[in-house]
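# A look at the structure
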Amino acid sequence: MHLLPGTEFVISVTATCLTLTPKTRYPKVTVQEVRGYLAKRGRALRDDSEIKVSIKGKLKAQDDASKG
C-alpha cells in the first residue's frame with residue numbers, strides 16, 4: 001500500500017464498516033508562490049491582501065446564504 005511511518009488517516013464509520021483512508025499531504029505554500037498560475041491574459045495580478053479579502057468575502061457570503 002506504499003504507506004510510510006507517520007501517515008495520517010481519515011476514519012470513516014458506517015453501520016457495518018470502518019474505513020481508513022490515507023490523508024493526502026500537500027506542502028503548505030503562500031499565495032505569492034503560486035501567484036499567476038491560473039491568471040488570465042490581460043488580467044492584472046492581485047496582491048496577497050486583496051486575494052485574502054476576496055476569499056474572506058466569498059466565504060462570508062456562503063456562510064450567510066447557508067443560514068437563511
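None of these values were measured; they are calculated from a predicted model. (Residues numbered from 1 in each chain as written. Predicted model: local features only at pLDDT ≥ 70, side-chain atom pairs only at ≥ 80, totals over all residues. Heavy atoms only, no water.)

Attention now goes to the pattern of salt bridges. Two side chains bearing opposite charge may form a pair once their charged atoms approach each other closely. Scanning the model with the defined rule gives three salt bridges in all. Note that K23 and E8 form a salt bridge whose closest N and O atoms lie 3.5 Å from each other. Taken together, the positions of K23 in the loop between β2 (18-22) and α1 (31-34) and E8 in the segment before β1 (9-13) put the pair 15 residues apart, joining distant regions of the chain. According to the relative accessible area criterion, K23 is partly exposed, its value standing at 42%. (Salt bridge = Lys/Arg side-chain N within 4 Å of Asp/Glu carboxyl O. Helix = DSSP H or I, 4+ residues; strand = E, 2+ residues; numbered from the N terminus. Buried < 20%, exposed > 50% of the residue type's maximum accessible area, 1.4 Å probe, protein only.)

Now for the confidence of the model for the chain. Mean pLDDT for the chain: 85, with 100% of residues reaching 70 or above. Mean pLDDT across the elements of the chain ranges from a minimum in α1, with 78, to a maximum in β1, with 93. (pLDDT = per-residue confidence, 0-100.)

A word on the pairing of β1. Along a regular strand, successive side chains alternate from one face of the sheet to the other. The pairing of β1 with β2 spans five bridges and is classified as antiparallel. Within β2, the residue paired with V13 across the bridge is L18. Linking two consecutive strands that pair antiparallel, namely β1 and β2, is a turn of four residues. (Pairing = 2+ DSSP bridges.)

Attention shifts here to the layout of surface pockets. Reported here for the largest pocket is a volume of approximately 460 Å³. In terms of lining, the largest pocket is formed by 16 residues, of which the most central are G36, L38, L45, R46 and I51. Those elements that provide at least two residues to the lining of the largest pocket are α1 and α2 (48-67). Residue contributions to the lining of the largest pocket peak at four residues, all from α2. (1 Å grid on protein atoms, 1.4 Å probe; cavity = no way out; pocket = protein on both sides within 12 Å on 5 of 7 lines; lining within 4 Å. Points joined across faces, edges and corners; volume = space filled by probe spheres on them.)

Further remarks concern a nonpolar patch on the surface. On the surface, M1, L3, F9, I11, V13, L18 and L20 cluster together into a nonpolar patch covering about 780 Å² of accessible area. Contributing elements (two or more residues each) for the nonpolar patch: β1 and β2. The greatest single-element share of the nonpolar patch, amounting to three residues, is contributed by β1. Considering the arrangement of structural elements, one finds V13 in strand β1. A residue is classified by how much of its surface remains accessible, and V13, at 62% relative accessible area, is exposed. (Patch = residues over 30% accessible without salt bridge, like charges linked within 9 Å, V, L, I, M, F, W, Y side chains within 5 Å. Areas by Shrake-Rupley, 256 points an atom, 1.4 Å probe, with all protein chains shown as cover.)

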